[in-house]
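Commentary on secondary and tertiary structure
Each chain, letter by letter, is given below.
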Amino acid sequence: MNIGIIGAGHIGSALAVRLTDLGHSVYIANSRGPETLKYVEQKTGAQAVTAEEAAQHGTDLVVVTIPLKNIPDLPKDLLASVPRETPIIDTSNYYPMLRDGRIEELETGSLTESEWVQQHLGRPVVKVFNNIYAHHIVEKGQPAGTPGRISLPVASDDAAAKQKVMQMVDELGFDAVDAGTLHQSWRQQPGTPSYGADMPADKLRENLASLGTERTEEQHKEFLANHAKTEQAMADQGIKLK
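Residues numbered from 1 in each chain as written. Predicted model: local features only at pLDDT ≥ 70, side-chain atom pairs only at ≥ 80, totals over all residues. Heavy atoms only, no water.

Turning our attention to the overall build of the protein. Assigned secondary structure in the protein consists of 10 helices and eight strands. Taking 18 Å as the expected radius of gyration for a compact globule of 242 residues, we find that the protein reaches 17 Å, a close match to that expectation. Considered along the principal axes of its C-alpha atoms, the protein spans approximately 45 × 40 × 40 Å. Residues counted as buried form 52% of the 242 residues belonging to the protein. Excluding contacts between residues fewer than 6 apart, the proportion of contacts in the protein whose partners are at least 24 apart in sequence is 71%. Summed over its atoms, the accessible surface of the protein is roughly 11100 Å², and 50% of this surface lies on carbon and sulfur atoms. Within the protein, the 32 negative side-chain charges are centred at a point lying 3 Å from the centre of the 23 positive side-chain charges. (Helix = DSSP H or I, 4+ residues; strand = E, 2+ residues; numbered from the N terminus. Rg over C-alpha atoms; globule rule 2.2 N^0.38 Å. Buried < 20%, exposed > 50% of the residue type's maximum accessible area, 1.4 Å probe, protein only. Contact = heavy atoms within 4.5 Å. Areas by Shrake-Rupley, 256 points an atom, 1.4 Å probe, with all protein chains shown as cover. Lys, Arg positive; Asp, Glu negative; His and termini not counted. Charge placed at Lys NZ, Arg CZ, Asp CG, Glu CD.)

Time to look at the side chain of K127. Examined against the element boundaries, K127 turns out to sit in strand β6 (residues 126-127). A polar atom in the side chain of K127 sits 2.7 Å from the backbone oxygen of S92. In contact with K127, not counting residues within four places along its chain, are D90, S92, N93, E113, S114, P153, V154, A155, L182, S185 and Q188. (Polar contact = N/O pair within 3.5 Å; in protein donor to acceptor, adjacent residues only side chain to side chain.)

In space, the eight strands of this open sheet follow the order β3-β2-β1-β4-β5-β6-β7-β8, with mixed pairing throughout. Both outer strands of the open sheet, β3 (47-48) and β8 (175-178), are each paired with one neighbouring strand and no more. When strand β2 (residues 25-29) meets β3, the two strands line up parallel, connected through two bridges. Note on β3: the bridge partner recorded for Y27 is Q47. Helix α9 (residues 201-211) rests against β7 (151-156) and β8 of the sheet, and its axis sits at about 20° to β8. (Pairing = 2+ DSSP bridges. Axes fitted to C-alpha atoms, helices over the stretch in contact; angles between N-to-C directions.)

Residues I5, L15, I89, F129 and V169 are the most contacted members of the largest nonpolar core, which totals 34 residues. At the level of elements, β1 (2-6), α1 (10-21), β2, β4 (61-64), α7 (134-139), β7 and α8 (159-171) are the ones that each hand at least two residues to this core. Dropping the residues within four chain positions of it, I5 is found in contact with G12, L15, A16, L19, V26, Y27, I28, A29, A54, V63 and T65. Membership of the second largest hydrophobic core comes to 26 residues, among which are V62, V64, I66 and L78. (Core = buried A, V, L, I, M, F, W, Y, C linked by side-chain atoms within 4.5 Å.)

Let us now look at the side chain of S13. Note on placement: S13 falls in helix α1. Not counting residues up to four positions away in its chain, the partners in contact with S13 are A8, I28, V40 and T44.

Here we come to the pairing of β1. Counting buried residues in β1 gives four out of five residues, a clear majority hidden from the surface. The parallel pair β1 and β2, bridged by α1, forms a crossover whose chirality is right-handed. (Right-handed = clockwise from strand over helix to strand, strands pointing away.)

The subject of this paragraph is the UniProt feature "domain: Pyrroline-5-carboxylate reductase catalytic N-terminal" (unreviewed entry) in the protein. When the UniProt feature table is mapped onto this chain, "domain: Pyrroline-5-carboxylate reductase catalytic N-terminal" (unreviewed entry) is found at residues 3-94. Helix makes up 28% of residues 3-94 and strand 20%. Its end C-alpha atoms lie 25 Å apart. (UniProt positions renumbered as here; feature names shortened; annotations may be inferred.)

Our next topic: helix α6 (residues 113-121). Most of α6 sits inside the fold, with seven of its nine residues counted as buried. For α6, every residue scored as buried is listed here: E113, S114, E115, W116, V117, Q118 and L121. Summarising the contacts, the buried residues of α6 are in contact with β4, β5 (88-90), α5 (104-108) and β6. G122 sits one or two positions beyond α6 and adopts a positive phi of about 70°.

Next comes the structure, spelled out in structure tokens:
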């Protein structure tokens, strides 16, 4: 496949490593230009390009993996040349304290993170790779059928795009679990039990089912509070997010 990755941080670089290992043609971009990505090229085997070129070359798949606060700064026509059937993956997470500042729609719960991203991109997105550590993408993939194989939730309103992405998740060495619509993707956001938990598929499905499909006000408050505690702990450790 021809895959464009917009964002060369931890997740983008990890996906570039694995996808090039699997024989795909990967084009990776950041906000500072391809001349700043020589190390990433050497490390991943991907070709450094501009964001516009990553979108143009990603005819089979485009991954948007940049800080949530930077989504509105992307060119409005960035995905205009991308075929309508090409899945657009969103890996973003909301970190209001450490990076993103307050985004009102996410604080109130009127939108999930990826619904907010989808509105800004103007294209259907598939939410995945947001709840797994980047180095686990590189190190912990296993063949299908391996006991305890890590599973990843995949949410989208586009059934065909979701199916294509689920096949890629399996190719990368993880069980893909259908996590419902984008409106239901709050179940894989920071502060929820599946975030960073590396659950096998049966446990993940059980967890998603236990949360229901419509987020209650109590759930929203609980998961925001959980995430705030995690962010504070990260801040106390001196961890900074870019």
